[in-house]
Amino acid sequence: MPSGSRTLEAALIAVGFEEAAAAFDAATDGAAEPLADLVTAYRAFVRRHPQLYRLMMEGPLPREQLAPGVEDRAAAALVRAAGSPERARAAFAFIHGMLILELNGRFPDDDGLEPACRAGLAAFDSPALVARPQ
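(A) Up close: the packing of aromatic side chains. Per the stated rule, a full pass over the model turns up 2 aromatic pairs. Centre to centre, the rings of Tyr42 and Tyr53 are 5.8 Å apart; their planes meet at 75°, and the pair counts as edge-to-face. A residue pair is termed long-range when its members are at least 10 positions apart, and Tyr42 in helix H2 (residues 34-48) and Tyr53 in helix H3 (residues 50-57) qualify at 11 residues. Taken individually, Tyr42 and Tyr53 each receive the classification buried, so the pair is uniform in this respect. Aromatic ring contacts, followed pair by pair, group Phe24, Tyr42 and Tyr53 into a single cluster.

(B) Just helix H6 (residues 113-122), in detail. Looking at H6, one finds that the buried residues are Leu113, Glu114, Cys117, Gly120 and Leu121. All buried residues of H6 fall inside an arc of 120° around its axis, so they share one side. Close packing links the buried residues of H6 with H2 and helix H5 (85-103).

(C) Here's a closer look at the packing of H5 against H6. Across the interface, H5 lies against H6 with an axial gap of 11 Å and an inter-helix angle of 160°. On the basis of their axis angle, the class for H5 and H6 is roughly antiparallel. Every pair of crossing elements has a handedness; the one defined by H5 and H6 is right-handed. Where H5 abuts H6, its residues Ala91, Phe94, Ile95, Met98, Leu99 and Glu102 lie against Leu113, Ala116, Cys117, Gly120 and Leu121.

Definitions and limits used
- Residues numbered from 1 in each chain as written.
- Predicted model: local features only at pLDDT ≥ 70, side-chain atom pairs only at ≥ 80, totals over all residues.
- Heavy atoms only, no water.
- Phe/Tyr/Trp six-rings, centres within 6.5 Å; stacked < 30°, edge-to-face > 60°.
- Helix = DSSP H or I, 4+ residues; strand = E, 2+ residues; numbered from the N terminus.
- Buried < 20%, exposed > 50% of the residue type's maximum accessible area, 1.4 Å probe, protein only.
- Arc of directions from axis to C-beta.
- Contact = heavy atoms within 4.5 Å.
- Axes fitted to C-alpha atoms, helices over the stretch in contact; angles between N-to-C directions.
- Parallel < 35°, antiparallel > 145°, perpendicular 65-115°, else oblique.
- Left-handed = near helix turned anticlockwise from the far one by under 90°.

Now the structure itself:
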């Protein structure tokens, strides 16, 4: 891919991260159920920007072309809501998996995805998933 295309893609990804970060911060700020509220905001973002989301998530992330801190800013609300970077990474994998499957039309159109996401995220409160001190 030509260099100019990569630069444009990196710029679009950065814009996507910034918009997602703002939406996730707004959804989780003072929320009683921050993970559940983040899923709602995340799903709305993906529905508004399906092609941008695919660009943001498919293939290696061009970190060297992104402004410093943009990736961390996009992840910050999830890290706060999950309680640790490790739990955030696990929650991200789950949420992304559910939403990309929805985006790809792999779920019925009965809108049962949000309750399924909430049920999956409830598992993150399981004592088995709480990090044990080493």
